[in-house]
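# Coordinates in review
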Amino acid sequence: MFREENAKKGVTFPKGFKAAGVKAGIKKSGNLDLAVIYTEKEAAVAGTFTQNQVAAAPVYVSKEVVAGGKAHAITANAGCANACTGEQGMKDARETAAVTAEALGCDASEVLVASTGVIGVTLPMDKMKAGIKAAVASLSETGSVDAGNAIITTDTYSKACATEVEIGGKPVRFGAIAKGSGMIQPNMATMLCFITTDANIDQKLMQSALSEIVEVTFNMISIDGDMSTNDMVVVMANGEAGNAKITEKNADYEKFYATLKDICTGMAQHIASDGEGATKFLTINVSGAKSFADAKQVAMSVAKSPLVKTAFFGEDPNWGRVICAVGYAGVPMVPEKTVVKFGGIPVYANGVGANADEAAIRSVMEQHDIVIDVELGLGSESATVWSCDFSYEYVKINGEYHT
């Protein structure tokens, strides 16, 4: 369903969407740092946001837009988070929406805003205003790549995808761009994901779908156990595909839901794989739990363990660190019933090491993509979490981040 040739089209793949990314001078690097995504036709909008009680100003403003149910544009910047900036931060976030709205000829209440970067610094509004005007002037149906590059911080690349599915006899397109590399913890983190679609769907139904999907996709990743102040996932649907409006959970809804879930899963995996300084992409599957919540808690305990993460960086098959994280996860478990596997090879079973073939395990540990399976043997529920290792580069990146 996902075709590489469409990936770069990202948020401009669906009909009626344009985007741009420009250099506004916010990033010290001088790279692209301000993006605008726009649909002339009014779009239904849905969103989910960080659960951090110290939320950034743009989070509050964008929540208001989502509550209104409709939107025309998203303006996002990198290089400054506009978090912990008090009344001035709120004023700047609202002014960002107002300047965008004036340039586009829409209402400020229909412009979402997003920021990412250093906390505690106010937006340079002179640069923001000039950048917004430049971005609006540059809007095009080929602008998704620049928009994606304008929202990244410590990412090594911009995440993007696009796909098409038939709904109600009409070809319906979806596209997305996302950023996220560090301060990634469940319930979203320093990540932004903007999804566009030309599907015609009821706003409340789309919000319900997104909220459910985020729980099993973006809320199942962890890079370092830190939850950010700025995260959001936003979907805009402008109805340009011309399908009969989806107003109930029927076959058309199931196709929409499945496609949106595939996009969110793919973006979540890309973010986890591109963790700051990461050399390994870890998939932690926990099965045999009494509940999904238990399975997730165990998987997150393993994913967040610095000892587990550093062991995989060093390609050390230290299963003791994994079973230790399972044991302190706060979920009932029986050591003698629990099985731990690396790359499908049992390394712990019956309460002791499984005497796995050293050459086979060494081969697993040398791979970039590694699967860790934890079988609890207590129930029928399961969960999957995506994570990465901790490298020397992670410490370097975050030790120097503010400067």
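Each remark here, short or long, concerns the structure printed above.
Model, not experiment: these values are computed from the prediction. In this convention, every chain numbers its residues from 1, walking through the sequence in written order. Local features in this predicted model are restricted to residues whose pLDDT is 70 or higher, and side-chain atom pairs enter the listing and the counts only when it is 80 or higher, whereas totals over whole chains, interfaces and linings include all residues. Hydrogens are left out, water is left out, and the side-chain values use all remaining heavy atoms of the structure.

## With respect to the nonpolar core
- What we call a nonpolar core is a set of buried Ala, Val, Leu, Ile, Met, Phe, Trp, Tyr and Cys residues that are connected through their side-chain atoms within 4.5 Å. Burial classification: accessible surface area is computed with a 1.4 Å probe over protein chains only, and a residue below 20% of its type maximum counts as buried, one above 50% as exposed, and the rest as partly exposed. Membership of the largest hydrophobic core comes to 71 residues, with the highest contact counts inside it found for Ile-195, Phe-218, Phe-256, Phe-312, Val-322 and Phe-342.
- Secondary structure follows DSSP: runs of H or I at least 4 residues long count as helices, runs of E at least 2 residues long count as strands, and numbering of each begins at the N terminus. For this core, the element with the most residues is helix α7 (residues 251-273), which contributes 10 residues.
- The next biggest cluster of nonpolar side chains, apart from the first, holds 27 residues, and it includes Ala-19, Val-45, Ala-71 and Ala-114.

## Quick notes on helix α6 (residues 203-215)
- End to end, α6 covers 19 Å across 13 residues, agreeing with the expected 18 Å (1.5 Å per residue, within 8%).
- Between two residues, a contact is recorded if the distance between any of their heavy atoms is within 4.5 Å. Tucked inside the fold, the buried residues of α6 contact β2 (34-49), α2 (57-68), β8 (232-237) and α7.
- A distance of 3.2 Å separates the backbone nitrogen of Lys-204 from a side-chain oxygen at the start of α6, and that oxygen is part of Asp-202. Take the residue count of a helix, subtract one, and multiply by 1.5 Å to get its expected span. Counted as a polar contact is a pair of N or O atoms within 3.5 Å, where, for protein atoms, one must be capable of donating a hydrogen and the other of accepting one, and residues adjacent in sequence contribute only when both atoms are in side chains.

## Structural notes on the pattern of salt bridges
- By definition here, a salt bridge exists when the distance from a side-chain nitrogen of Lys or Arg to a carboxyl oxygen of Asp or Glu is within 4 Å. Counted according to the given criterion, the structure contains 8 salt bridges.
- Of the charged contacts in the structure, one is a salt bridge between Glu-110 and Lys-70, with a shortest N-O distance of 3.8 Å. Here Glu-110 is found in the loop between α3 (86-104) and β4 (111-116), whereas its partner Lys-70 is found in strand β3 (residues 70-78), with 40 residues between them in sequence.
- For Glu-110, a relative accessible area of 9% translates into the label buried.

## Remarks on the sheet that holds strand β12 (residues 352-353)
- A strand pair is defined by DSSP finding two or more bridges across the two strands. Ordered in space as β12-β11-β10-β13-β9-β14, the 6 strands form an open sheet in which the pairing is mixed. This sheet does not close on itself; its edge strands, each paired only once, are β12 and β14 (381-388).
- As paired elements, strand β11 (residues 345-349) and β12 share 2 bridges and run antiparallel to each other. Each residue of the ladder has a partner; that of Tyr-348, found in β12, is Gly-353.
- Every axis corresponds to a line fitted to the C-alpha atoms, with the helix fit spanning only the stretch in contact, and the corresponding angles, defined between N-to-C directions, vary from 0 to 180 degrees. Relative to strand β10 (residues 339-342), helix α10 (residues 319-327) is tilted by about 135°, and along the sheet it contacts β10, β11, β12 and β13 (369-375).

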